Number of protein chains: 2
Amino acid sequence: MAVIGTGLIGTSVALAASRQGVTVFLSDRDPSAARTAAGLGAGLARTPRERVDLAVLAVPPSKVGSVLVDAQRRRLAHSYTDVASVKAGPERVALARAPAPSRYIGGHPLAGRELSGPLAARAELFEGRPWVLTPSPLTSGVAWRHARELAELCGAVPLVMRSRDHDETVALTSHVPHLMASLTAARLRQIPGGAGRLAGQGLRDVTRIAAGDSGLWTDILQSNAAAMTGVVRELQADLARVATALAVLADPDADGRPAGLRTMTDLLDRGIAGLAAIPGAAAGTAGGADRVRVAVADRPGELPRLLDALAGLGIDAVLGVDADAGSGPLVRFAVPEGDGDSAAAKLRADGWDAEPAGNAGD
Amino acid sequence: MAVIGTGLIGTSVALAASRQGVTVFLSDRDPSAARTAAGLGAGLARTPRERVDLAVLAVPPSKVGSVLVDAQRRRLAHSYTDVASVKAGPERVALARAPAPSRYIGGHPLAGRELSGPLAARAELFEGRPWVLTPSPLTSGVAWRHARELAELCGAVPLVMRSRDHDETVALTSHVPHLMASLTAARLRQIPGGAGRLAGQGLRDVTRIAAGDSGLWTDILQSNAAAMTGVVRELQADLARVATALAVLADPDADGRPAGLRTMTDLLDRGIAGLAAIPGAAAGTAGGADRVRVAVADRPGELPRLLDALAGLGIDAVLGVDADAGSGPLVRFAVPEGDGDSAAAKLRADGWDAEPAGNAGD
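Owing to the predicted nature of the structure, the values given are computational and were not obtained by experimental measurement.

Caption draft 1: Molecular detail of the overall build of chain A. Looking only at helices and strands, chain A features twelve helices and eleven strands. In terms of overall size, chain A behaves like a compact globule, its C-alpha atoms giving a radius of gyration of 23 Å where 362 residues would be expected to give roughly 21 Å. Counting only C-alpha atoms and orienting by the principal axes, one finds that chain A spans roughly 75 × 55 × 40 Å. With 362 residues in all, chain A has 55% of them scored as buried. Carbon and sulfur atoms provide 50% of the accessible area of chain A, an area that totals close to 14,100 Å².

Spelled out as structure tokens, the structure:
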């Protein structure tokens with residue numbers, strides 16, 4: 001295996017793979033970072049002599065495309081994946097410019113720390129965490145299998161999504177929250193000297209992720225700008241409503257105080273409702289839901305075709321992956337309780353090898 | 001001692017005081033809440049037969065004024081304080097309408113949980129946490145001493161601030177962050193079913209405080225609307241800049257991409273700079289700073305007068321409180337390293353009993 005980019009994520013992947021007995025070749029545009037990773041036991045800081053099975057591109061989102069093109073020209077590996085937190089842009093470059101787009105599958109392990117660089121790496125970083133894979137219509141079964149094996153090697157839970165669905169989800173779950181943490185933290189510069197001691201755990205939690213590397217995060221946010229734009233516009237509208245309400249409430253004699261109070265309570269209640277989207281349960285299960293299992297043929301385009309079919313049926317398009325069914329991946333997804341039989345029947349009517357797989361609570 | 005309002009904070013105060021041997025009388029507009037608190041060992045759920053030393057008004061910010069007026073009419077206590085997270089409004093009501101404004105001093109222990117009600121109470125809730133006291137120009141030495149003794153009884157670190165400075169600070173450290181957490185959480189309602197499993201610790205941290213009771217938080221936010229308005233306007237301006245930059249960055253062919261990237265990096269860097277306002281050190285100390293100590297006469301108005309004098313000198317207006325100097329409180333504050341001698345000299349020139357008290361790092 002080869003890892004290009006020995007920062008926090010690349011080195012953590014390399015550490016996890018090395019620990020499982022995989023030979024890992026490390027490289028970085030900064031050779032001393034690769035040597036540091038090698039010194040930590042993450043692998044060998046040199047170019048492999050033969051083509052490796054899998055190359056992991058652990059570089060910022062905007063660099064994945066060009067690094068992929070370069071690595072494929074060098075025939076570095078049989079399969080290629082990346083670990084960037086944005087997936088549509090790299091997929092677009094792979095389909096348009098990579099010499100062998102079928103050998104690439106997008107990847108995104110949902111794990112990280114505020115620290116960066118090889119010295120912050122941990123082999124356990126991915127344990128139990130979701131690892132999203134985003135096959136393109138051209139992705140081969142081999143590339144898909146290599147990437148899934150990597151995720152499992154790292155102890156992660158492989159999931160399958162369409163690249164655009166992934167980007168829209170992480171805009172809401174990661175990129176916009178980072179922005180909000182930074183906006184909140186930036187205002188703290190106005191606090192007079194010692195008054196910072198009034199900060200409590202709540203403030204620390206809200207602003208913690210704002211400590212992330214600003215160069216890397218500029219790259220992430222710009223790479224997902226398309227998916228973020230709509231959410232940020234909605235936040236602008238919410239904030240404008242709040243500003244108007246606060247201006248009314250700041251004046252004890254103003255008309256419209258009841259409406260101002262309703263605006264505030266409504267926002268707070270919508271926040272509480274939004275928290276329900278964050279599962280308390282372990283990744284890969286959904287309480288109170290039926291499961292459906294689909295055996296997918298080992299042909300390029302089959303997984304994206306299934307994701308499109310599910311989206312067309314209005315079904316949750318995040319798939320868990322069970323053990324390989326011999327001929328190809330066996331994927332499962334959740335539907336609202338009681339809908340398992342009808343969802344499986346609809347998919348069978350469309351030619352899929354689908355069957356109900358019990359209830360998540362079983 | 002009497003505690004009016006046996007929610008999370010009131011019951012926690014009562015538990016801490018009872019544990020130190022203080023007799024505590026509990027009341028609540030919901031008698032079953034007071035009985036629950038009594039059942040937990042927080043005190044006696046009945047009206048005291050004689051005037052108590054201190055009444056703690058543990059009610060939402062907008063209710064402090066009317067509850068204070070009512071309790072003073074009933075001659076419930078010698079001194080009165082509250083625990084609300086907004087201080088200017090209650091002080092205004094006390095000065096304008098309370099029968100005995102000299103007997104009141106505002107208080108705000110910086111502690112809390114997302115849970116509410118007496119069953120969430122903990123005697124240890126305030127240990128090591130700042131407890132801000134905001135004396136008005138009329139506050140008597142007795143009221144000041146009773147409130148400080150309560151803070152110390154609860155294991156908290158008493159600090160003194162002007163009510164308006166307090167409100168401006170908590171707007172930045174608590175109320176605006178709560179708003180931002182709610183705004184971020186509210187957007188999560190758009191996440192499709194199973195995609196919530198992509199949520200990581202970062203999102204959980206950013207949105208955790210949004211779980212707070214929306215009724216209580218509406219009261220808090222409206223009570224501090226005046227101090228929040230300016231900060232929210234600045235956030236609107238920041239967010240507008242970000243939205244413009246993202247719109248440019250979403251278009252790969254747009255002019256102005258370098259400017260868009262600079263806008264994003266600048267915001268992220270300002271966020272990192274803002275985090276420096278949150279001290280890593282323990283409350284009550286400020287690393288790399290000189291200390292000055294002032295013995296304050298035990299007369300109403302002396303503490304607020306000192307706070308005004310310090311603000312006039314451009315000095316951090318948050319005061320730590322040392323042991324009582326017999327004739328009145330002995331307060332200390334931090335100034336930039338090397339400025340201790342000159343600050344003490346300026347205060348002495350203005351008639352204060354001030355002296356340098358070494359360096360915080362000593």
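Caption draft 2: Molecular detail of the interface of chain A and chain B. The partner chain B presents 89 residues to the 89 residues of chain A that form the contact. Buried surface at the junction of chain A and chain B, both sides included, amounts to about 8,300 Å², of which 71% is carbon and sulfur. Counting the contacts that link chain A with chain B gives six salt bridges. In this structure, R187 of chain A engages E234 of chain B in a salt bridge whose closest nitrogen and oxygen atoms are separated by 3.5 Å. Our enumeration of links across chain A and chain B arrives at 16 residue pairs in polar contact (both at pLDDT 80 or more). At the level of elements, β6 (130-134), α6 (163-187), α7 (201-207), α8 (214-223), α9 (225-249) and α10 (257-275) of chain A are the ones that each hand at least two residues to the side of chain A that touches chain B.

Caption draft 3: Geometry of the nonpolar core. Ranked by size, the top nonpolar core spans 86 residues in total, and within it L179, L183 and M264 of chain A together with L179, L183 and M264 of chain B carry the most contacts. Residues in contact with L183 of chain B, not counting those within four places in the same chain, are M180, L235, D238, L239 and L267 of chain A. Judged by nonpolar contacts, the second largest core, of 52 residues, contains A14, A120, L133 and W144 of chain B.

Caption draft 4: View of the relation of the copies chain A and chain B. Mapping chain A onto chain B leaves a residual RMSD of 0.0 Å; the transformation is a rotation of 180° accompanied by 0.0 Å of translation along its axis. Look at the turn and shift together and you get a two-fold axis relating the two. No C-alpha of chain A lies nearer the rotation axis than that of V206 of chain A, which sits 2.0 Å from it. Most of the interface of chain A is mirrored in chain B, where 100% of its interface residues again form contacts.

Caption draft 5: Broad picture of the packing of α6 of chain A against α8 of chain A. Residues and elements named next belong to chain A. α8 packs onto α6 with a crossing angle of 125° between their chain directions and a minimal axis gap of 11 Å. With respect to α8, the element α6 is oriented oblique. α6 and α8 meet at a crossing whose hand is left-handed. Along the contact surface, α6 presents S174, H175, H178 and L179, while α8 presents W217, I220 and L221.

Caption draft 6: Here's a closer look at the packing of aromatic side chains. All names here are of chain A. If you walk through the whole model with that rule in mind, you get two aromatic pairs over all chains. Their ring planes at 50° and their centres at 5.3 Å tell us that F126 and W131 sit as a pair that is tilted. Note on F126: relative accessible area 0%, which makes it buried.

Caption draft 7: Region of the structure containing the domain arrangement of chain A. Residues and elements named next belong to chain A. According to the domain assignment, chain A consists of domain 1 (2-161), domain 2 (167-275) and domain 3 (289-359). Just the C-alpha atoms count here: the centres of domain 1 and domain 3 sit 27 Å apart. At the interface, 14 residues of domain 1 touch 14 residues of domain 3. Three residues, W144, R148 and V160, lead the burial of domain 1 against domain 3; their summed loss comes to 38% of the area buried on that side. The interface formed by domain 1 and domain 3 contains one salt bridge. Between D298 and R145 there is a salt bridge, and its shortest N-O distance comes to 2.5 Å. Our count for the contact surface shared by domain 1 and domain 3 stands at two residue pairs in polar contact (both at pLDDT 80 or more).

Here is what the cut-offs are and how they apply
- Throughout, residues of each chain are indexed from 1 in the direction in which the sequence is written.
- All chains are assigned letters beginning with A, and all ligands numbers beginning with 1, in the order in which they are written.
- Only residues with pLDDT of at least 70 are given local features in this predicted model, and only at 80 or more are side-chain atom pairs given and counted; all residues enter the totals for whole chains, interfaces and linings.
- Each side-chain value is derived from all of the structure's non-hydrogen atoms; neither hydrogens nor water enter the calculation.
- Put simply, DSSP marks the helices as runs of H or I at least four residues long and the strands as runs of E at least two long, and each gets a number from the N terminus on.
- For a compact globule the rule gives 2.2 Å times the number of residues to the power 0.38, and the radius of gyration it is set against comes from C-alpha atoms.
- Classification of residues uses two cut-offs on accessible area relative to the type maximum, computed with a 1.4 Å probe and protein chains only: under 20% is buried, over 50% is exposed, and between them is partly exposed.
- Note on areas: these come from Shrake-Rupley sampling with a 1.4 Å probe, and a residue is covered only by the protein chains present in the view.
- Residues count as neighbours in contact if any of their non-hydrogen atoms are within 4.5 Å of one another.
- What counts as buried area is the accessible surface, traced by a 1.4 Å probe, that two parts surrender upon association, with contributions from both included.
- Salt-bridge detection follows one rule: a side-chain nitrogen of Lys or Arg within 4 Å of a carboxyl oxygen of Asp or Glu.
- Distance and chemistry together define a polar contact, namely a pair of N or O atoms within 3.5 Å, with one atom able to donate a hydrogen and the other to accept it when in protein, and with adjacent residues in sequence counting only for side-chain atoms on both sides.
- Here, the term nonpolar core denotes a set of buried Ala, Val, Leu, Ile, Met, Phe, Trp, Tyr and Cys residues that are joined through side-chain atoms within 4.5 Å.
- Superposing the copies works by least squares over the C-alpha atoms of residues that have pLDDT at least 70 in both of them.
- With axes taken as lines fitted to C-alpha atoms, and helix axes fitted only over the stretch in contact, angles between N-to-C directions fall between 0 and 180 degrees.
- What sets the label is the angle itself: under 35 degrees gives roughly parallel, over 145 gives roughly antiparallel, 65 to 115 gives roughly perpendicular, and the rest give oblique.
- In a left-handed crossing the near helix is turned counterclockwise from the far helix by less than a right angle, and in a right-handed crossing that turn is clockwise.
- Paired rings are identified among Phe, Tyr and Trp, the last through its six-membered ring, by centres lying within 6.5 Å, and are further divided according to the angle between planes into stacked (under 30 degrees), edge-to-face (over 60) and tilted (the rest).
- The start and end points of each domain follow an automatic or database-based domain assignment.

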